[in-house]
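# Reading the structure
As a plain string of letters, each chain reads:
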Amino acid sequence: MKSNLNGQSILLLSLNGLFVFAAALSGTFLNVYLWKSRQDYAMIGWFNVSQQIALGIMVWVAGKWVKEHNKMNALRVGTALSGLFYLIVLYTGPQAVNYIWPLGMLLGAALGLFWLAFNVIFFEVTDQASRDHFNGWVGLLGSFSGIVGPWLSGWIIARMEDDAGYRVIFSISLAFYVVGVVLSFFLRKRKPTGNYNWIEPKQRLSQKGSMWRPLSLSLVTQGIREGVFAFLITLLVYVVTQQEWKLAQFSLITSGVSFFSFWAVGKWLKPHYRSAGMLLGAVLLVIALLPLLWRMEYSTLLIMGIGTALFMPLYLIPMISASFDLMGTSEGDANQRVELVVLRELCLMIGRLTGTLIFLGVLSISKAPTAMIWLLIGLALMPVIGWLFMRSVLKMEQKTKQCKSDSHARRWHKQTE
């Protein structure tokens, strides 16, 4: 696959790979670790609620730091706080379930800092020509991490007694975060780009006809789904099988499929097919869940996981690329890229928080497996709704590119006359 990425892009991808691998190594089993101390779905739900609240606050507040000061330091602090989180989990051990809110807020703050800085730098080191390619590599690295990380973790946990395996994988993740901090010093420092506008997200959504209005609604629907799927699927696999090794096997297979799918979509899905790709991916994501209606067991969960891994890139890559392309439609928008990344992350956070609260609401009514299945199917419909909002954004984007292409062709024709 021919690369059109520069050295800074490759370095940023490497840092992303370290961060994602460390998260895959321990994050896959983090909720299982908490579950083994206290079998309570609501406890896991509130842990994720605390993460999203802290993430949203940190993204909004840290936007000023990222825009007016050194965004590289924000990237480093986010990575370092992730390491601190696992250090505290190592220290508290099984008693970590008694500190769900502070631990969740620490992890959420770390994720907010890292992803805000990462997404701003990502925008700066790529352009429309290389963005899909970069996103494809991000997906590939994420899938590769999902293949190796959980398999290695499961292998270690299965071969060690009690919680010794968990302590080992949490320690390894801590080490990777330290390496990530060191690697970040090789990224080129970029000059501040003006003053931070605290209310830019609100102003942007108040503008009539702004493409950020439908895009924001689409991002919220994306967050509603992923806010629950991110933790519930792996937890259900463990609850059904009661084996960390089975969860490792599940992650190995689904991440292997995802690895191939992200590569294929990143290479062959052209910008003018984004809308069709998103719709197809959204519909197939719902269909992938239907086997669970027959029976919730490892085999049906695996079918659902494989289907999700196969079809999610069709939806996700166009979604990410279109949102970042929208940030660069004018010089004014490019200068407001930090505020627009903050808006994007806040929309995703609101969606994830909403989805998790819906999950907690369903739990208060019923904890039966059937209720869980219908909840998952209902949440899986969110990408379809998201595509409905995104149609106008993708159509406008295609028209803009066509106008630029026509203008370039006219200038070339005049020059050759």
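Above this text sits the structure in question.
Residues numbered from 1 in each chain as written. Predicted model: local features only at pLDDT ≥ 70, side-chain atom pairs only at ≥ 80, totals over all residues. Heavy atoms only, no water.

## Points about the overall build of the protein chain
Defined as follows: Labels follow the DSSP assignment, with helices taken as runs of H or I lasting at least four residues and strands as runs of E lasting at least two, numbered in each case from the N terminus. In this treatment the radius of gyration is a C-alpha quantity, and the globule benchmark scales as 2.2 Å times the residue count to the 0.38 power. Partly exposed residues are those whose accessible area sits between 20% and 50% of the maximum for their type, while under 20% is buried and over 50% is exposed, using a 1.4 Å probe and protein chains only. Throughout, a residue-residue contact means that at least one pair of heavy atoms, one from each residue, lies within 4.5 Å. Note on areas: these come from Shrake-Rupley sampling with a 1.4 Å probe, and a residue is covered only by the protein chains present in the view.
Scanning the protein chain from terminus to terminus reveals 15 helices and zero strands. Its C-alpha atoms give the protein chain a radius of gyration of 21 Å, near enough to 22 Å, the size a compact globule of 417 residues would have. Projected onto its principal axes, the C-alpha positions of the protein chain cover 80 × 45 × 40 Å. Here the protein chain holds 417 residues, and the buried ones make up 56% of them. Restricting to contacts in the protein chain with at least 6 residues of sequence separation, those with at least 24 account for 86%. Taken as a whole, the protein chain presents about 17700 Å² of accessible surface, with 66% of it coming from carbon and sulfur.

## Some points on helix α13 (residues 337-365)
In plain terms, the rule: In this scheme, a helix's expected span is set at 1.5 Å multiplied by one less than its residue total.
Here α13 contains 29 residues, and its C-alpha end-to-end distance of 42 Å stays within 8% of the 42 Å for a straight helix at 1.5 Å per residue. Most of α13 sits inside the fold, with 21 of its 29 residues counted as buried.

## Some details on the nonpolar core
The following threshold applies: Take the buried residues of types Ala, Val, Leu, Ile, Met, Phe, Trp, Tyr and Cys, join any two whose side-chain atoms come within 4.5 Å, and each joined set is a nonpolar core.
Core analysis: the largest hydrophobic core is formed by 122 residues, its most contacted members being Y41, F85, L232 and F359. It is helix α11 (residues 298-327) that provides the largest number of residues to this core, a total of 16 residues. Once you skip the residues sitting within four places of it in the chain, Y41 turns out to touch W35, L232, L235, L236, V239, F359, L363 and M372.

## So, the environment of Y166
Of note, Y166 is situated in helix α6 (residues 164-184). For the pair formed by Y166 and G93, sequence separation is 73 residues and the distance between their alpha carbons is 9.3 Å. Not counting residues up to four positions away in its chain, the partners in contact with Y166 are F29, V32, Y33, K36, I157 and E244.

## Thoughts on the packing of aromatic side chains
Aromatic ring pairs are described here by two measures, namely the spacing of the ring centres and the angle between the planes. Spelled out, the test is: For Phe, Tyr and Trp, rings pair up if their centres lie within 6.5 Å, where Trp contributes its six-membered ring, and each pair is then called stacked (planes under 30 degrees apart), edge-to-face (over 60) or tilted (otherwise). Put simply, a charge is over a ring when the Lys NZ or the Arg CZ is close to the ring centre, within 6 Å, and near the line of the ring normal, within 35 degrees.
Scanning the model with the defined rule gives 22 aromatic pairs in all. A centroid spacing of 5.0 Å and a plane angle of 45° characterise the contact between Y33 and Y166, whose relative ring orientation is tilted. Of this pair, Y33 sits in helix α1 (residues 7-37) while Y166 sits in helix α6, and the two are 133 residues apart along the sequence. The burial state of Y33 is the same as that of Y166; both residues are buried. Here Y33 and F170 contribute two aromatic rings whose centre-to-centre distance is 5.3 Å and whose plane-to-plane angle is 90°, an arrangement assigned as edge-to-face. Residue Y33 is located in helix α1, and its partner F170 is located in helix α6; the two are separated by 137 residues in the primary sequence. Residue classification places Y33 among the buried residues on the basis of a relative accessible area of 5%. Overall, F170 belongs to the buried group, its relative accessible area being 2%. Taken together through their ring pairs, the aromatic side chains of F19, Y33, F47, F85, Y86, F114, W115, F118, Y166, F170 and Y177 make up a single cluster. Above the ring of W294, the side-chain terminus of R295 is found at 4.9 Å from the ring centroid.

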